[in-house]
Amino acid sequence: MNLKKFWQKYRKRKVSAVITDVLLVALIIVMLVPEWRREVGSVFVRVIMTSPDVDEQKPEKLSDDDLALAFSDMEGNLYRLGNMLDRPVFVTYWATWCHHCVAELPALDRLNRLAGNDIRIIVLVNEDLKKAEAYIRSKGYQLPLYLQRSHAGELLQSKKIPASFLINTHTELVLKETGATKWDSDSFIGYLKTL
């Protein structure tokens, strides 16, 4: 079949079929460009994100290996998790290339603003810290980013990102979530105030 005959036959299709074809081609194009794929994917993920279920998990005591988790800030200052538990700590493993991570950026930013001094937020990355900071700022967000400097202990490990952990001041892991999550939900903010 030559192109002219194909086009004549194609023009006779229903409008809905043509719209579907255009959307499919557009989706294919978007998926071929990594930056677009991340942004478009994060929009879809935001639609299905849920709040963490804080009642499901039983607190687990962190080991010395967990508490030894080391990370540094933009200035190179080194921190250890065990030295930061004067208030509850929210730790999340995050990356600029992960569309689930990007999807939860607005929720993390709002959590950071709403929680204030009630909790300490630690966003750990394993990529160029300046690049991650620039990306987050380009989206209009401010989050405390740190470069992970040591391996996590068993309770703070995850094979998926984003992976987030909430630790109380008694060195207990009280919440572990993987995947994009609505951290700014009223129920979660209320739960933080009880810690």
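Residues numbered from 1 in each chain as written. Predicted model: local features only at pLDDT ≥ 70, side-chain atom pairs only at ≥ 80, totals over all residues. Heavy atoms only, no water.

1. Some words on the side chain of Thr 92
What counts here: For the purposes of this entry, the term helix denotes a DSSP run of H or I that reaches at least four residues, the term strand denotes a run of E that reaches at least two, and both are numbered from the N terminus. Accessibility here uses a 1.4 Å probe with only protein chains present; expressed as a share of the type maximum, an area under 20% marks a residue as buried, one over 50% as exposed, and anything in between as partly exposed. Two N or O atoms count as a polar contact when they lie within 3.5 Å, although within protein this holds only if one can serve as hydrogen donor and the other as acceptor, and sequence-adjacent residues are included solely when both atoms are side-chain atoms.
Take Thr 92: it is sitting in strand S4 (residues 89-93). Since its relative accessible area comes to 0%, Thr 92 is described here as buried. A polar side-chain atom of Thr 92 sits 3.3 Å from the main-chain carbonyl oxygen of Ala 163.

2. Some words on the packing of aromatic side chains
Rules: Here the aromatic set is Phe, Tyr and Trp, taking the six-membered ring for Trp, and pairing holds for ring centres within 6.5 Å; pairs whose planes are under 30 degrees apart are stacked, those over 60 apart are edge-to-face, and all others are tilted.
Across all of its chains, the model carries eight aromatic pairs by this definition. Look at Phe 71 and Tyr 79: their rings are 6.1 Å apart centre to centre, the planes differ by 25°, and that puts the pair in the stacked class. Overall, Phe 71 belongs to the buried group, its relative accessible area being 0%. The exposure class assigned to Tyr 79 is partly exposed, which follows from its relative accessible area of 27%. Arranged with centres 5.7 Å apart and planes meeting at 85°, the rings of Tyr 79 and Tyr 146 form a pair that is edge-to-face. One end of the pair, Tyr 79, is in strand S3 (residues 78-80); the other, Tyr 146, is in strand S6 (residues 145-148), with 67 residues separating them in the sequence. Grouped by ring-pair contacts, the aromatic residues Phe 71, Tyr 79 and Tyr 146 constitute a single cluster.

3. A word on a nonpolar patch on the surface
We count it as follows: What goes into a patch is any residue over 30% in relative accessible area without a salt bridge, connected to like charges within 9 Å or, for nonpolar side chains (Val, Leu, Ile, Met, Phe, Trp, Tyr), within 5 Å. Values of accessible area rely on a 1.4 Å probe in the Shrake-Rupley scheme; residue burial ignores everything except the protein chains shown. Each reported salt bridge corresponds to a side-chain nitrogen of Lys or Arg within 4 Å of a carboxyl oxygen of Asp or Glu.
A grouping of Val 15, Ile 19 and Leu 23 is seen on the molecular surface, where their side chains present a nonpolar patch of about 310 Å² in accessible area. Note on placement: Leu 23 falls in helix H2 (residues 15-32). By relative accessible area, which is 57% here, Leu 23 ends up exposed.

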